[in-house]
Amino acid sequence: MPNIKVIIPAFNEADSIPLVIKDIPKLVTEIIVVSNSSTDATEKNAKTAGATVLTESRKGYGYACLKGLDYVARQNSKTDIIVFLDGDYSDYPEELTKLIQPILDNKVDFVIGARVKYLREKGSMTFPQIFGNWLATTLMRIMFGSKFTDLGPFRAIKYEQLLKLNMQDKTYGWTVEMQLKALKQNILYTEIPVSYRNRIGVSKVSGTVKGAVLAGIKILSWIFKYGFKK
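Residues numbered from 1 in each chain as written. Predicted model: local features only at pLDDT ≥ 70, side-chain atom pairs only at ≥ 80, totals over all residues. Heavy atoms only, no water.

## Remarks on the side chain of Asp-91
What counts is decided by this rule: Numbering goes from the N terminus for both helices and strands, where a helix is a DSSP run of H or I of at least four residues and a strand is a run of E of at least two. When a residue's accessible area, from a 1.4 Å probe over protein chains only, is under 20% of the maximum for its type it is buried; when over 50% it is exposed; and in between it is partly exposed. Under the convention used here, Asp and Glu are negative, Lys and Arg are positive, and both His and the chain ends fall outside the count. Each reported salt bridge corresponds to a side-chain nitrogen of Lys or Arg within 4 Å of a carboxyl oxygen of Asp or Glu. By the convention used here, residues are in contact when the closest approach between their heavy atoms is within 4.5 Å.
If you trace the backbone, Asp-91 turns up in the loop between strand 4 (81-84) and helix 4 (96-104). For Asp-91, which is buried and forms no salt bridge, the nearest opposite charge comes from Arg-115, at a distance of 6.2 Å. With residues up to four places along the chain from it excluded, the contact list for Asp-91 reads Leu-85, Asp-86, Pro-153, Phe-154, Tyr-196 and Arg-197.

## So, a nonpolar patch on the surface
To keep things clear, this is the line we draw: Each patch is built from salt-bridge-free residues with over 30% relative accessible area, joining like charges within 9 Å and nonpolar side chains (Val, Leu, Ile, Met, Phe, Trp, Tyr) within 5 Å. Here the accessible surface of atoms and residues is derived via Shrake-Rupley with a 1.4 Å probe, and residues count as covered only by protein chains that are part of the display.
A cluster of nonpolar side chains, contributed by Phe-127, Phe-131 and Trp-134, occupies part of the molecular surface with about 400 Å² of accessible area. Judged by its relative accessible area of 42%, Phe-131 falls in the partly exposed class.

## Side note on the sheet that holds strand 1 (residues 4-10)
The cut-off we apply is this: At least two bridges found by DSSP between two strands is the condition for calling them paired. Axis definition: a line fit to C-alpha positions, over the contact stretch in the case of helices; interaxial angles, taken between N-to-C directions, run 0 to 180 degrees.
Read across the open sheet, the 7 strands follow the order 3-2-1-4-6-5-7; overall the sheet is mixed. This sheet does not close on itself; its edge strands, each paired only once, are strand 3 (52-55) and strand 7 (189-193). Mean inter-strand twist for the sheet, computed between neighbouring axes without regard to direction, equals 20 degrees. The sheet contact formed by strand 1 and strand 4 spans 4 bridges and is parallel. Within strand 4, the position partnered with Lys-5 by the bridge is Ile-82.

## Quick word on the layout of surface pockets
Rules: Residues are said to line a cavity or pocket when one of their atoms sits within 4 Å of a point; the points come from a 1 Å grid over protein atoms alone, cavities being sets where a 1.4 Å probe fits but cannot get out and pockets being open sets with protein on both sides within 12 Å along at least five of seven lines. Grid points are joined across faces, edges and corners, and a volume is the space filled by probe spheres set on the points.
Roughly 220 Å³ of internal volume is contained in the second largest pocket. Arg-120, Ile-130, Asn-133, Trp-134 and Thr-149 are, among the 15 residues lining the second largest pocket, the residues nearest its centre. Here the lining of the second largest pocket gets 6 residues from one element, more than from any other, and that element is helix 5 (residues 127-144).

## Looking at the nonpolar core
Our working definition: Here the nonpolar core consists of buried residues drawn from Ala, Val, Leu, Ile, Met, Phe, Trp, Tyr and Cys, with membership extended through side-chain atoms lying within 4.5 Å.
The biggest cluster of nonpolar side chains holds 34 residues, and the ones touching the most others in it are Ile-82, Phe-84 and Leu-162. At the level of elements, strand 2 (30-35), helix 3 (61-73), strand 4, strand 5 (110-114), helix 5, helix 6 (159-165), helix 7 (174-184) and helix 8 (209-227) are the ones that each hand at least two residues to this core. Broken down by element, this core gets its largest block of residues, 6 residues, from helix 7. Apart from the residues lying within four places of it in its own chain, the contact partners of Ile-82 are Lys-5, Ile-7, Leu-69, Val-72, Arg-155, Ala-156, Ile-157, Tyr-159 and Leu-162.

## Some words on unusual backbone geometry
In most cases, non-glycine residues show a negative phi, while peptide bonds are predominantly trans. Positive phi is not limited to glycine here, since Ser-37 has a value of about 65 degrees. Position of Ser-37 among the secondary structure elements: in the loop between strand 2 and helix 2 (42-48). Of the residues examined, Ser-37 reaches a relative accessible area of 22% and is grouped as partly exposed.

## Digging into the packing of aromatic side chains
Heads up, the condition is: Note on aromatic contacts: the rings of Phe and Tyr and the six-membered ring of Trp form a pair at centre separations within 6.5 Å, being stacked when their planes are under 30 degrees apart, edge-to-face when over 60 apart, and tilted otherwise.
If you walk through the whole model with that rule in mind, you get 5 aromatic pairs. Measuring from centroid to centroid gives 5.9 Å for Phe-84 and Trp-174, while their planes differ by 65 degrees, and the two rings are edge-to-face. Here Trp-174 lies in helix 7 and Phe-84 lies in strand 4, a separation of 90 residues in the sequence. The residues Phe-84 and Trp-174 share a single accessibility class, namely buried. Summarising the aromatic geometry, the rings of Phe-148 and Tyr-189 are spaced 4.2 Å apart at their centres and angled 25 degrees between planes, so their arrangement reads as stacked. Of this pair, Phe-148 sits in the loop between helix 5 and strand 6 (155-158) while Tyr-189 sits in strand 7, and the two are 41 residues apart along the sequence. Of the residues examined, Tyr-189 reaches a relative accessible area of 21% and is grouped as partly exposed.

Geometric descriptors of this kind do not, in isolation, establish any biological role.
Have a look at this one:
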């Protein structure tokens, strides 16, 4: 069996994190929850549910993901696949099996869980999210010939390919950076339609005007940066 590790950035997800961990398929080798300065019982509940818990004091989605990857890099065992998903229970963790299947079949190296409309619960994505995804993926198609339709956080990638991407973004641009670098390096990718529901709690990004604006600016800056980069 492949060595599959799941990284879950989490900020004050005490109510949802046990549900996320419970629904992750047993074939996963290790579940790594990175608490991004949580002030509630996120860390305690994640440990109780069976996850490895790390703490990252610097706030930012990218900081949390990088913390998890640093932990994986320091382990002795060989990691084959890294899966990222959110800790708010908006993703369906049990769909991890269909997300990793194209990688296990050696068809691609990178899979995005696309939050398609017909599988989304009503209200699960805000208008800024829907518009932002459309704008970003449209620009990526025009500028890079991309076939991406979503910047969804639920994604799987071969660990060796992820290392080659040399991920840098510390905050909102993490997902789009990964996709842009995959395009630049000609990494084989695909999208798999996934279900999506209303999250537990309030979104730290799309749930606030400030978060939505900052995320949009960061995403667009990454796209234009790579659009003009030789």
